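# Structure at a glance
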Amino acid sequence: MAFDIPKTTVHRMVHRVTWAVVGLLKRIIHFPQGNDINDVGDGFARLAGSAHFNVVVGAIDGCHISVKPRKADENCYPNRKLFYSIQLQAICDHRGRYVDICCGFPGSVHDSCVLKNSPVYLQQQYPPDGRCIIGDGGYPCLAAPIRLLTPYRPPNLNPVQARYNSMLSRARNIIERSFGMMKTRWRSIFFKTLEVSPTFAPAVITCCTILHNLCLDNGDIMEPEEDEAGDDGPEPEHRSLDIRAEWPTPRLLMRYNSCLSGEEYQTQSDLALSVRELADHA
C-alpha cells in the first residue's frame, strides 16, 4: 500500500483511466483528409529538401516496449536485441503526429510481418491514391496493396540512388523523432519494463500515443534527448510472414487493433473482450 491507497484501488483506477483515454482514439489518431493531405505532403517535401517528396504522406516504423511475459509465452517475446517486448507500429505525419498505430505483436515478429498483418495494409486504408508512405530498409518496397517507398540497398549505389536515399532518410527521420519525443515524455513506460500484463500493455501504449498527439496539438512539444531520438534501427532483411504458431493468430491481433480503432467495437467491454481472447489463446 502506497499513500494509503490499496493496490486493488490503484489497479482499478489505472484501468478505468486507460480505457477512457483509449475511447478517444478515433478522434485523436486518424488519417489526414482534404487539404490536410496537401499540407502533409508539402511538409515531407521540406523535410527531404526536394519537391518530389510532396507525394509522401507518412513515415512508418516500429518501436519495441519492454514487457514481462508469462513463462509459458516468453519464447515469443525476445526481439533481436534479446529483451522481451511488444511492438508499436506507427505512421506519423511531417510534424511527428501519429495518423495510425498498430500495437500488440510480440518482439520476435519482424517489422514487415507486423505491417502485412496490420489493418492499414490488409484493408488498404492509407495512403490515398497517388500518394505513398516511407519506411526504412526493414520494410519491403511496395506498389500494392499500399504504396511504400524504402531505401536502395547498398553497396554499389549510383549517385542518383545515393541522393534519393539521403533525401528519404531526412524525411523518414521524423518517425524516429516522434518515438523519441514520446519516450522522453513517458520515461517510466518506455525506459523500464512495463509492469502490466502483455495483454493490457497495448492499451497503455495506445494511451501514450493519444496523449502524444494531444500534446502536439496544444503546442506542448518536448524535444527528444540526443540518445533517445532514434529507435532500434532498421530490422534485418524481412523474413517469412508466418507468425509463430504458439502466439495468437493474426486474426485475433487484427481484431484487437480494429477494436482499438473503433472499426468493429464501440464499448469498453468489447475492447476488454478482445484482449481476453488474446489471453485465452496464449
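Structure first, text after, so check above.
These remarks concern the structure in this document. Just so we're clear, the structure is a prediction, and the values are computed from it rather than from any experiment. (Residues numbered from 1 in each chain as written. Predicted model: local features only at pLDDT ≥ 70, side-chain atom pairs only at ≥ 80, totals over all residues. Heavy atoms only, no water.)

On to the pattern of salt bridges. Here the structure, examined in full by the defined rule, presents 11 salt bridges. The shortest N-O distance in the salt bridge between Asp 61 and Arg 172 comes to 3.6 Å. On the criterion of sequence distance, the pair formed by Asp 61 in strand E1 (residues 56–66) and Arg 172 in helix H6 (residues 159–185) is long-range, its members being 111 residues apart. Residue classification places Arg 172 among the buried positions, given a relative accessible area of 10%. The closest approach of N and O atoms between Arg 97 and Asp 217, which form a salt bridge, is 2.7 Å. Linking Arg 97 in the loop between strand E2 (85–92) and strand E3 (98–106) with Asp 217 in helix H8 (residues 201–217), this pair joins segments that are 120 residues apart in sequence. One salt-bridge network, in which partners are shared between bridges, spans Asp 61, Asp 136, Arg 172 and Glu 176. (Salt bridge = Lys/Arg side-chain N within 4 Å of Asp/Glu carboxyl O. Helix = DSSP H or I, 4+ residues; strand = E, 2+ residues; numbered from the N terminus. Buried < 20%, exposed > 50% of the residue type's maximum accessible area, 1.4 Å probe, protein only.)

The next subject is the pairing of E1. Within E1, 11 of the 11 residues are buried, which leaves it mostly tucked inside the rest of the structure. As defined by bridge partners, E1 adjoins strand E4 (residues 132–134) across 2 bridges and the pair is classed as parallel. Bridge pairing in E4 links Ala 59 to Ile 134. Sheet topology places E1 next to E2; 8 bridges connect them, and they run antiparallel. (Pairing = 2+ DSSP bridges.)

Right, let's get into the packing of helix H3 (residues 35–48) against H6. Two quantities define a packed helix pair, namely the angle between the helix axes and the distance between the axes. Contact geometry of H3 with H6 gives a least axis separation of 7 Å together with a crossing angle of 125°. Classified by the angle between their axes, H3 and H6 sit oblique to one another. The interaxial crossing formed by H3 with H6 has right-handed handedness. On H6, the residues touching Phe 44, Leu 47 and Ala 48 of H3 are Met 167, Arg 170, Ala 171 and Ile 174. Of the residues that constitute the contact of H3 with H6, the class distribution is 6 nonpolar, no polar and 1 charged. (Axes fitted to C-alpha atoms, helices over the stretch in contact; angles between N-to-C directions. Parallel < 35°, antiparallel > 145°, perpendicular 65-115°, else oblique. Left-handed = near helix turned anticlockwise from the far one by under 90°. Contact = heavy atoms within 4.5 Å. Nonpolar A, V, L, I, M, F, W, Y, C, P; charged D, E, K, R; others polar.)

Here the focus is the sheet that holds E3. One open sheet holds the 5 strands; their spatial order is E3-E2-E1-E4-E5, and the pairing between them is mixed. Looking at strand neighbours, the two that pair on one side only are E3 and strand E5 (148–149), the edges of this open sheet. On top of the sheet, H3 reaches E1, E2 and E4; it is set at about 75° to E1, its chief contact. Sitting on the sheet, H8 is in contact with E1, E2 and E3, with an inclination near 160° to E3.

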